[in-house]
Number of protein chains: 2
Amino acid sequence: MIPGPFLLYLGHSDDDVGIKTSRGLAAFRRDDCLGEWRHDDCPLTLGLPRMDAAAARAAGARTLVLGIANAGGRLGEALVQDALQAIAQGMNVAAGLHQRLRDDPRLVSAAAAAGVELFDVRDPRADIPVGNGKRRAGNRLLTVGTDCSVGKMYATLALRDALQRRGVVADFRATGQTGILIAGDGVPLDAVVADFISGAIETLAPARGDDGWDLIEGQGSLFHPSFAGVSTGLLHGAQPAALVLCHDPSRTHMRGLPHYDLPDLAECLAANIQVARLTSPYVRAVGVALNTVKLDEDAARRLCAATGDALGLPCTDPYRFGSDPIADWLLQCYAPSTPATTASA
Amino acid sequence: MIPGPFLLYLGHSDDDVGIKTSRGLAAFRRDDCLGEWRHDDCPLTLGLPRMDAAAARAAGARTLVLGIANAGGRLGEALVQDALQAIAQGMNVAAGLHQRLRDDPRLVSAAAAAGVELFDVRDPRADIPVGNGKRRAGNRLLTVGTDCSVGKMYATLALRDALQRRGVVADFRATGQTGILIAGDGVPLDAVVADFISGAIETLAPARGDDGWDLIEGQGSLFHPSFAGVSTGLLHGAQPAALVLCHDPSRTHMRGLPHYDLPDLAECLAANIQVARLTSPYVRAVGVALNTVKLDEDAARRLCAATGDALGLPCTDPYRFGSDPIADWLLQCYAPSTPATTASA
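Under the annotation held in an unreviewed UniProt entry, chain A carries the name DUF1611 domain-containing protein and is attributed to Sphingomonas glacialis.

Laid out in structure tokens, this is it:
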């Protein structure tokens, strides 16, 4: 486990979505976060006290979390320099980038000299099997999206909380670096070798014999040309009984790709159902989660109502309005006496 | 480059499909293959002289090719022992398994002592970018399949030969270990990290400004629960103008998965077209390739005719009857004066 409390890194970022790992920790493990480290050219904030490595160390921080993401997940020179400062202060460093901290000799030798640790959260375990697609027992729900970074992790965690409040056993299954940092466990799916994508998810959410739910964090989108392979393998490995579609209505094009429009929500849901049916013939959608952070509350509520009506599903902004409508509908669809995935095939 | 001539390994295999790498080399680089090494419990043959490592070395073989595949691509103890024998004879060893030769200390030290090399063909290069989906110039064709190992590589190579005989520039783009061993270059797609599947193919088949064709070897199947993520990323990265559907009519279930039926051909083609349209809106199917090795010639010809009629496409067994019908139809669809992928978007 990665020792807290954490100093969350924003660095020089001006990309609201790029800091999603830091933001996720601030949202779901706020008690473990002492402060945020941002440079003068960073216009973003998580609402935490601003401090650099020295101040954070003095306040008791034990790990700098490099919670920023860029396409390709590479370490930049600025990141390395700031990480070296934190190490010099006696702090561990954690990151979820594709490029590993341990592959930078400067970080490795500095960490060894300071007696601190480097945590590469995006390291999949070595013994992941090839997926087998065998039908397995248990209730599983997967969040899917119109695009990357539209709130799938938030929706999954909010739904977990709503189910737990209802006395239902619900486990969050993390598939990305932020989720893994929040849960303390999971599979960094986008770093798994391509042949093992579905097998990794079969391992992450194995058969379960109770009435509880595995809530699996989705990744990417079937409509994102860079990452749809990951989303496809995730759908097949998850064997979901239920899907929740996640969407950011403020997005004007696919993330990072100005030349790609977002899919229509109904088309996106239909495509996900079609792909999921290969391993889970009775899969159904149970809700829509919108990220309405850029709308005022009235507009957000109207959009949720209209979207829900159009798709015939409960629709909410889980982070803003909670997940009750989706949790209630899920439990109505899958009452404990009729387990979702053990229906006759 | 891997030094020939080769000794092809069949080992203890009794799985006709499992020896596909050895078989592919025997078919497409026969002049470079001196013999086959099979144990007494191996009922298979490539029609090459049977010899062990010592005999092959005496005959001039320079590299043992461990051309057998198993799900997960692991090195077994029998493979390691036989590889050690070949090394002791002074031969290099090449393999395309997920588990690397260089990760077995016994092989590494034996190779160093003998002054020979270990070739891990399934090592992707380190600098693969994330895919960007940007429309790029050039004619590209991708083979897709109802299942794994149904003849996509054979169909691609046979089509290359048919196009080249017509004076058309046609380049084979290898995506699997067998194809890479045949072509001497390519991307071992199933070993690429999941986030980079489509980017790897964009790099393998970049924009081209002539009237020639990149013929890209397909992998897996959208309907194989273990590997559909790879197939999806491959479709998106390839931006194919044209698809050829490959199928083995003798297959009774999805490879390795007795609990999964093969998809209907029309359904499979429609799903591939749908996924491919994300990055190549005008993609079309131009042919069907059947692997009829288990049928007599009359039955094979009747099946090709019936399948072609049912799907409205030229259909052939490329390895048995050649690829002329598909090559002719492709060139009729995409005459040099109307480049396939530069049509107005």
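Caption draft 1: Expanded view of the sheet that holds strand β10 (residues 284-290) of chain B. Residues and elements named next belong to chain B. Here six strands make up an open sheet; going across it, the order is β7-β8-β6-β9-β10-β11 and the pairing parallel. A single partner strand is all that each edge strand has here, and the edge strands are β7 (170-173) and β11 (315-316). Strand direction decides the pairing type here: strand β6 (residues 139-145) and strand β9 (residues 242-247), joined by five bridges, are parallel. Looking at β9, one finds that Leu 141 is bridged to Ala 242. Packed on one face of the sheet, helix α5 (residues 152-165) meets β6, β7, β8 (213-216), β9 and β10 and runs near 165° to β7.

Caption draft 2: Local environment of the domain arrangement of chain A. Residues and elements named next belong to chain A. When cut into domains, chain A gives domain 1 (6-120) and domain 2 (139-333). Look at where the C-alpha atoms of domain 1 and domain 2 centre, and you get two points 27 Å apart. With 16 residues of domain 1 in contact, the opposing surface of domain 2 contributes 13 residues. Interface area, domain 1 with domain 2, both sides summed: about 1,400 Å², of which 62% is carbon and sulfur. Interface area lost by domain 1 to domain 2 is led by Val 17, Thr 21 and Phe 28, which between them contribute 37%. Residue Arg 255 is joined to Asp 15 by a salt bridge in which the shortest nitrogen-to-oxygen separation is 3.1 Å. Here domain 1 is connected to domain 2 by four residue pairs in polar contact (both at pLDDT 80 or more). The element best represented in the side of domain 1 that touches domain 2 is helix α1 (residues 20-28), accounting for seven residues.

Caption draft 3: The pairing of β10 of chain B, seen in detail. All names here are of chain B. Taken across its seven residues, β10 has six buried, putting it largely inside the fold. Strand direction decides the pairing type here: β9 and β10, joined by six bridges, are parallel. In the sheet register, Ala 242 faces β10, and the bridge partner there is Arg 284. For the handedness criterion, the β-α-β arrangement of β9, helix α9 (residues 265-276) and β10 is classed as right-handed. Relative to β11, β10 is paired through two bridges, and the arrangement is parallel. Bridge assignment links Ala 289 to a residue of β11, and that residue is Thr 316.

Caption draft 4: Here's a closer look at the relation of the copies chain A and chain B. The transform that puts chain A on chain B rotates by 180° and translates by 0.0 Å along the axis, for an RMSD of 0.0 Å. The symmetry that links the two subunits is that of a two-fold axis. The fraction of interface residues of chain A whose copies in chain B are also interface residues reaches 100%, indicating that both copies meet through the same surface.

Caption draft 5: Just the UniProt feature "domain: D-glutamate N-acetyltransferase-like C-terminal" (unreviewed entry) in chain A, in detail. UniProt records the feature "domain: D-glutamate N-acetyltransferase-like C-terminal" (unreviewed entry) at residues 130-326 of chain A, using the numbering of this structure. The span residues 130-326 of chain A shows a helical share of 38% and a strand share of 15%, and its end C-alpha atoms are spaced 33 Å apart.

Caption draft 6: View of the side chain of Asp 190 of chain A. Following the sequence through the fold, Asp 190 of chain A ends up in the loop between α6 (177-183) and α7 (197-204). Asp 190 of chain A gets classed as buried once you look at its relative accessible area, which sits at 11%. Polar contacts involving the side chain of Asp 190 of chain A include one to the side chain of Arg 122 of chain A, which spans 2.3 Å. In contact with Asp 190 of chain A, other than residues within four places in its own chain, are His 98 and Arg 122 of chain A together with Val 193, Ala 194 and Asp 195 of chain B.

Caption draft 7: Inspection of the nonpolar core at higher detail. Among the nonpolar cores identified, the biggest contains 85 residues, and Leu 142, Leu 189 and Leu 235 of chain A together with Leu 142 and Leu 189 of chain B are the most heavily contacted of them. Excluding residues within four positions of it along the chain, Leu 142 of chain B makes contact with Ile 216, Glu 217, Gly 218, Leu 234, Leu 235, Ala 238, Pro 240, Ala 242, Leu 243 and Val 244 of chain B. Ile 2, Cys 42, Phe 119 and Ala 174 of chain B belong to the second largest nonpolar core, which has 50 residues in total.

Caption draft 8: Molecular detail of the pattern of salt bridges. Residues and elements named next belong to chain A. All chains considered together, the criterion is met by 50 salt bridges over all chains. Between Glu 36 and Arg 38 there is a salt bridge, and its shortest N-O distance comes to 2.8 Å. Residue classification places Glu 36 among the buried residues on the basis of a relative accessible area of 0%. Residues Arg 125 and Asp 127 are paired through a salt bridge, measuring 2.8 Å at the closest nitrogen-oxygen approach. Residue Asp 127 is classed as partly exposed on the basis of its relative accessible area of 47%. Beyond isolated ion pairs, a larger network of salt bridges with shared partners links Asp 171, Arg 173, Arg 208, Asp 210 and Asp 214.

Caption draft 9: Quick peek at the interface of chain A and chain B. Counting residues at the interface gives 40 residues for chain A and 40 residues for chain B. When chain A packs against chain B, the two sides together hide about 2,900 Å² of surface, and 57% of this comes from carbon and sulfur. The interface formed by chain A and chain B includes two salt bridges. Note that Asp 195 of chain B is salt-bridged to Arg 122 of chain A, the shortest N-O span being 3.9 Å. Summed over the shared surface of chain A and chain B, the result is 15 residue pairs in polar contact (both at pLDDT 80 or more). When contributions to the side of chain A that touches chain B are tallied by element, the ones reaching two or more residues are α7, α8 (228-238) and α9 (265-276) of chain A. The element that contributes the greatest number of residues to the side of chain A that touches chain B is α8 of chain A, accounting for six residues. Its residues assigned to classes, the side of chain A that touches chain B shows 20 nonpolar, 15 polar and five charged.

Caption draft 10: Focus on the sheet that holds strand β9 (residues 242-247) of chain A. All names here are of chain A. With respect to topology, six strands assemble into an open sheet ordered β7-β8-β6-β9-β10-β11, the strand pairing being parallel. Every other strand in the sheet has two partners, leaving β7 (170-173) and β11 (315-316) as the edge strands with one partner each. Lying on the sheet, helix α5 (residues 152-165) is in contact with β6 (139-145), β7, β8 (213-216), β9 and β10 (284-290); it crosses β7 at an angle near 165°. Those strands touched by α8 are β6, β8 and β9, and its axis lies near 165° from that of β6.

Caption draft 11: Quick look at unusual backbone geometry. Residue and element names in this part refer to chain A. With an omega dihedral of 0°, the bond running from Gly 4 to Pro 5 counts as a cis peptide bond. Counting through the fold element by element, Pro 5 comes out in the segment before β1 (6-11). At Gln 239, a residue that is not glycine, the phi angle is positive and equals roughly 45°. Mapped onto the secondary structure, Gln 239 falls in the loop between α8 and β9.

Caption draft 12: Main features of α9 of chain B. For α9 of chain B, with 12 residues, the first-to-last C-alpha span of 16 Å sits near the 16 Å given by 1.5 Å per residue. Taken together, the buried positions of α9 of chain B are occupied by Leu 265, Cys 268, Leu 269, Ala 271, Asn 272, Ile 273 and Ala 276 of chain B. Buried-residue contacts for α9 of chain B involve α9 of chain A together with β6, α8 (228-238), β9, β10 and α10 (297-311) of chain B. One side-chain oxygen of the residue at the start of α9 of chain B lies 3.1 Å from the amide nitrogen of Ala 266 of chain B, identifying that residue as Asp 264 of chain B.

Rules used throughout
Residues numbered from 1 in each chain as written. Chains lettered and ligands numbered in written order. Predicted model: local features only at pLDDT ≥ 70, side-chain atom pairs only at ≥ 80, totals over all residues. Heavy atoms only, no water. Pairing = 2+ DSSP bridges. Helix = DSSP H or I, 4+ residues; strand = E, 2+ residues; numbered from the N terminus. Contact = heavy atoms within 4.5 Å. Axes fitted to C-alpha atoms, helices over the stretch in contact; angles between N-to-C directions. Domains from an automatic or database assignment. Buried area = accessible area lost by both parts, 1.4 Å probe. Salt bridge = Lys/Arg side-chain N within 4 Å of Asp/Glu carboxyl O. Polar contact = N/O pair within 3.5 Å; in protein donor to acceptor, adjacent residues only side chain to side chain. Buried < 20%, exposed > 50% of the residue type's maximum accessible area, 1.4 Å probe, protein only. Right-handed = clockwise from strand over helix to strand, strands pointing away. Least-squares fit on C-alpha atoms with pLDDT ≥ 70 in both. UniProt positions renumbered as here; feature names shortened; annotations may be inferred. Core = buried A, V, L, I, M, F, W, Y, C linked by side-chain atoms within 4.5 Å. Nonpolar A, V, L, I, M, F, W, Y, C, P; charged D, E, K, R; others polar. Expected span 1.5 Å × (residues − 1).

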